[in-house]
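# Examining the three-dimensional arrangement
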Protein chains: 4
Amino acid sequence: MIHTVNPTTKKRALAVLGPRDEAKAVFRRAILRAAADVFVEQGFHAARIQDIAERARIGVGTVYNHFEQKEDVLQALLEEHTAALAERFTAHAAGLDFATDLERRLSRMLAYKDEHRAFFVLVMEYGLMGPSTGAAAMVLKGRKVRTDGLKKVGVALFADAQKRGELRADFDAEHLLRILGGIIRAFAADTIAEGATFASRTAEIVDVFLGGAQARKKKKT
Amino acid sequence: MIHTVNPTTKKRALAVLGPRDEAKAVFRRAILRAAADVFVEQGFHAARIQDIAERARIGVGTVYNHFEQKEDVLQALLEEHTAALAERFTAHAAGLDFATDLERRLSRMLAYKDEHRAFFVLVMEYGLMGPSTGAAAMVLKGRKVRTDGLKKVGVALFADAQKRGELRADFDAEHLLRILGGIIRAFAADTIAEGATFASRTAEIVDVFLGGAQARKKKKT
Amino acid sequence: MIHTVNPTTKKRALAVLGPRDEAKAVFRRAILRAAADVFVEQGFHAARIQDIAERARIGVGTVYNHFEQKEDVLQALLEEHTAALAERFTAHAAGLDFATDLERRLSRMLAYKDEHRAFFVLVMEYGLMGPSTGAAAMVLKGRKVRTDGLKKVGVALFADAQKRGELRADFDAEHLLRILGGIIRAFAADTIAEGATFASRTAEIVDVFLGGAQARKKKKT
Amino acid sequence: MIHTVNPTTKKRALAVLGPRDEAKAVFRRAILRAAADVFVEQGFHAARIQDIAERARIGVGTVYNHFEQKEDVLQALLEEHTAALAERFTAHAAGLDFATDLERRLSRMLAYKDEHRAFFVLVMEYGLMGPSTGAAAMVLKGRKVRTDGLKKVGVALFADAQKRGELRADFDAEHLLRILGGIIRAFAADTIAEGATFASRTAEIVDVFLGGAQARKKKKT
DNA sequence: TATGAATGAGTTTTCATTCAT
DNA sequence: AATGAATGAAAACTCATTCAT
């Protein structure tokens, strides 16, 4: 769990892969990993480039060899992870009912979040689908963080479920997606506090999302 | 909607109430109002004390006569509004079923948020019940923002509903409260985007919270 | 030893003396006393007008009713005390030999310093006979602190002693005066550290001073 | 006498010595030299970091790369020069009588002061052997300026002279050291005013000092 | 005349960014 | 390409001074 580029790693990377480009990628990844941690611990503004560099065990200048500005680091972070999430969310098996399908997709996605806690916290702040607060928007200075992938897949999935009568149709798909997001967020506090894995709570999340908080009187006989 | 202390206002205030203390309160309020706007527009870190002062049409030094540090302004903002919210949420009429009761309380609360949009956005960032992100916690530097009031009332209300079998009992009350919060948050985007009032959506919020997103096949008998 | 203007003091002062002017003088004196303490404890620059006002138990504005600028407070402080010192140093009885004469004058002067420790420390910094360091001069912004009185008397006394062959004549009187000053300063550390009175060390000071400065004509015989 | 780091100097320094560390030392020295001048001209408090940076022809930030706070600059200044002085004062030849010995040591020390006028003035304010005034102590915020070296050597020298009957024994060595300091200080005004060298007055200083402090055994013959 | 809150110029300090090595 | 010291613009915060009461 040491987010570092040490000489050994570096040399190996140089040897194994296409010499130049791969070495570059190693540094880039190290920076992003370190940045995620530091942004989470201190917040974007309070995080100093130097902190990131130190955490990655590289020099400040190196960060600037890979990213033009501090903001670009955050943007890259959000985009790359969101892309990964979208991928997890997209893959599916055919012939499942909506609830099961959603649960599988979510489960993969949340597992990814479990592996990347720092990133997940960032997402809660900067939004999976575009900055949620004015402040977040300000930080990104109008950059368009390309997170369309996830949103597109999600909206399509939900719209389809609505057509099939598995999701209420009185809200639009995007809104429902946001509601799911809000519920996931609510589970985050629990999960983080307990040190539990996120993925393990997928069923509960889907249950609340689909069925609500009301006591289930009608469970049948 | 001009958050300002102008000479006229000042004199009037001085004349009407006890001269000194009241004048003081006028400035304090002007600062908090201006700060809410500026924090929302720029985010806490990007907001400069001077921006707040300019918006309130007062001098920078004056801000420091009322608050020791920038953080204290945010803290005061959160505390005072949260207290107001708690008050709205607390008042209730007896003999209502849970759904109606919750709807009334929420409705009052959301009306308050409609009147104080800026504050509401802040709450989404810094949390009604303690900072939700590490960054937010960092900003507040370990200050304990006293927002217990609202949480206490909410937890009591929900726990009671659980006992009476109106809310599912497999989650604890605090968690359910957070889920409601997440859903409200999800409605915020819609609402803000459309310029609609928040309060007008109370019924929908309660409906989703209690009944979930699933299509209502069982509507009839 | 409470450097304060309390209501009682104030009223009494008003009654006893010419109403207006005397009341004014009471405040002025309170300010100077408080200022001496504060300047000593914190140094001129670090001392805030508010500190002085608080120590004198008056409002900040009041200080400005009596002195135009912070620097004027220091100047007045130095001038008034120096005048008092000059007075003590000037008075003399006829027919004494130089050593005895000097000892009497010094003794009176040092007794005054014992009563006004704070002032004395200031003098060590700002000089009895004009600012000794560039920094001190800077603080006083080119003001001429009128401390001529003491210097004039001292030079005259020493020049006379030189003529009468009681002080070495190879240095000019003013230089000798400065040497005496340096020696007094050296005794200050001892005295202050021990909490002893300054006056009690007059004999030693004169002894050290004259032992070197005295003309050595009488060695023989 | 231009206390500056200009590009040329910088490159040369980098070429000649170990690149990094030496460049660092060059800047550090430039800062200290500039600071000495500025502190003397304006006094510590009135001196702005920017003044120091400008005098050294470097950026403000650079000062902070070398010293955490303004106070640290002063402390370093005092410590480094005091160490140099102690060195000059310490070296001695055997077999000299006390007066000659003292004269030689002082002469070397005062020559150093002649080369570093600015520093000397600072010493008059902040004391060679610990801050002499409360204000000075305040400036240094309780930092212990390590000036023991000089004091230790001086006290040892004087104590020894007392044992050998060359200095009066009714005062302790440290006090005698302070008296010498006071006398030197008195000569400073003369010297500085006239633009003369300090070293040239060593004999006079020792003469005045010993004339008083010397045990009076040899009066007869 | 005393008072103390308002004011804003001025200062320290931080930190993103550059650039010589 | 990596590095880290230099840089200076920018921001928090202080405090002498003013002025309405």
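Parameters at a glance
Residues numbered from 1 in each chain as written. Chains lettered and ligands numbered in written order. Predicted model: local features only at pLDDT ≥ 70, side-chain atom pairs only at ≥ 80, totals over all residues. Heavy atoms only, no water. Near = heavy atom within 4 Å. Polar contact = N/O pair within 3.5 Å; in protein donor to acceptor, adjacent residues only side chain to side chain. Helix = DSSP H or I, 4+ residues; strand = E, 2+ residues; numbered from the N terminus. Nonpolar A, V, L, I, M, F, W, Y, C, P; charged D, E, K, R; others polar. Contact = heavy atoms within 4.5 Å. Buried area = accessible area lost by both parts, 1.4 Å probe. Salt bridge = Lys/Arg side-chain N within 4 Å of Asp/Glu carboxyl O. Least-squares fit on C-alpha atoms with pLDDT ≥ 70 in both. Buried < 20%, exposed > 50% of the residue type's maximum accessible area, 1.4 Å probe, protein only. Phe/Tyr/Trp six-rings, centres within 6.5 Å; stacked < 30°, edge-to-face > 60°. Lys NZ or Arg CZ within 6 Å of the ring centre and 35° of its normal. Core = buried A, V, L, I, M, F, W, Y, C linked by side-chain atoms within 4.5 Å. pLDDT = per-residue confidence, 0-100.

### A word on the protein's contact with DNA strand F
Close contacts around DNA strand F come from 31 residues, with Gly61 and Thr62 of chain A, Ile49 and Tyr64 of chain C together with Thr62 of chain D the closest. Considering DNA strand F, the proportion of its atoms within 4 Å of the protein that are sugar or phosphate atoms stands at 68%. Here a phosphate oxygen of DNA strand F sits 2.9 Å away from a polar atom, N or O, in the main chain of glycine 59 of chain A. Of all the elements in the fold, those that place two or more residues in the surface near DNA strand F are α4 (60-66) of chain A, α4 (60-66) of chain C together with α2 (19-42) and α4 (60-66) of chain D. Of the residues contributing to the surface near DNA strand F, the split by class is 13 nonpolar, 12 polar and 6 charged.

### Re the interface of chain B and chain A
Facing 42 residues of chain B, the contacting portion of chain A comprises 43 residues. Surface buried jointly by chain B and chain A totals about 3,600 Å² across both partners, of which 60% is contributed by carbon and sulfur atoms. Contact with chain A buries surface across chain B, with Arg168, Arg185 and Ala213 of chain B losing the most and accounting together for 17% of the total. Where chain B meets chain A, there are 2 salt bridges. Between aspartate 207 of chain A and arginine 168 of chain B there is a salt bridge; the shortest N-O distance is 2.5 Å. Among the secondary structure elements, those contributing two or more residues to the side of chain B that touches chain A are α2 (19-42), α7 (117-126), α8 (134-139), α10 (173-194) and α11 (202-211) of chain B. With 11 residues, the top contributor of residues to the side of chain B that touches chain A is α10 of chain B. Residues belonging to the side of chain B that touches chain A are distributed by class as follows: 18 nonpolar, 12 polar and 12 charged.

### With respect to the relation of the copies chain B and chain A
Both copies of the chain are placed relative to one another by a rotation about an axis and a shift along it. Superposing chain B onto chain A requires a rotation of 180 degrees together with a translation of 0.2 Å along the rotation axis, leaving an RMSD of 0.1 Å. The superposition of one copy onto the other is thereby described by a two-fold rotation axis. Both copies share a contact surface, since 100% of the interface residues of chain B are interface residues in chain A too.

### Considerations on the protein's contact with DNA strand E
Contacts to DNA strand E come from 33 residues, most closely from Tyr64 of chain A, Thr62 of chain B, Gly61 and Thr62 of chain C together with Tyr64 of chain D. The contact atoms of DNA strand E, taken as those within 4 Å of the protein, divide so that sugar and phosphate hold 66%. Alanine 47 of chain A places a polar main-chain atom, nitrogen or oxygen, 3.3 Å from a phosphate oxygen of DNA strand E. Measuring from a phosphate oxygen of DNA strand E, one finds a side-chain N or O atom of asparagine 65 of chain C at 3.2 Å. Listing elements by their share of the surface near DNA strand E, those giving two or more residues are α4 of chain A, α2 and α4 (60-66) of chain B, α4 of chain C together with α1 (7-16) and α4 of chain D. Partitioned by chemical class, the residues of the surface near DNA strand E number 15 nonpolar, 12 polar and 6 charged.

### A word on unusual backbone geometry
Residues and elements named next belong to chain B. Phi is positive for arginine 57, close to 55 degrees, though the residue is something other than glycine. Mapping arginine 57 onto the fold places it in the loop between α3 (49-55) and α4. Judged by its relative accessible area of 56%, arginine 57 is exposed.

### Some details on the packing of aromatic side chains
In the structure shown here, the tally under the stated rule is 24 aromatic pairs over all chains. Ring pairing ties together the aromatic residues Phe98, Phe158 and Phe209 of chain A, which thus form one cluster. The positively charged end of lysine 70 of chain B is found above the aromatic ring belonging to phenylalanine 44 of chain B, 4.8 Å away from the centroid. Arginine 105 of chain C extends its terminal NZ or CZ atom over the ring of phenylalanine 89 of chain C, reaching a point 5.8 Å from the ring centre.

### What about the pattern of salt bridges?
Pairing between side chains becomes possible if they bear opposite charge and their charged atoms approach one another. Enumeration over the complete set of coordinates arrives at 53 salt bridges over all chains. Two residues, glutamate 204 of chain A and arginine 201 of chain A, come together in a salt bridge whose shortest N-O distance is 2.9 Å. Classification of glutamate 204 of chain A by relative accessible area gives partly exposed; the value is 27%. The class of arginine 201 of chain A is buried, set by a relative accessible area of 9%. A salt bridge links arginine 48 of chain D to aspartate 51 of chain D; its shortest N-O distance comes to 2.9 Å. Residue classification places aspartate 51 of chain D among the buried positions, given a relative accessible area of 14%. Linked by salt bridges that have partners in common, Asp37, Glu41 and Arg55 of chain A make up one network.

### Thoughts on the nonpolar core
If you look at the biggest cluster of nonpolar residues, it comprises 136 residues, and the most contacted ones within it are Phe158 of chain A together with Phe158 of chain B. When residues no more than four places from it in sequence are discounted, the contact partners of phenylalanine 158 of chain B are Phe98, Leu102, Leu167, Ala173, Leu176, Leu177, Leu180 and Phe209 of chain B. With 133 residues, the next largest nonpolar core counts Ala56 and Phe187 of chain C together with Val123 and Leu176 of chain D among its residues.

### Side note on the confidence of the model for chain A
Residue and element names in this part refer to chain A. Per-chain confidence: chain A averages 84 in pLDDT, with 85% of residues scoring 70 or above. Helix α1 (residues 7-16) is the least confidently modelled element of chain A, averaging 48 in pLDDT, while α4 averages 97, the highest of any element. Every residue in residues 7-14 scores below 50 in pLDDT, and together they form 6 contacts with partners more than four places removed in sequence or on other chains.

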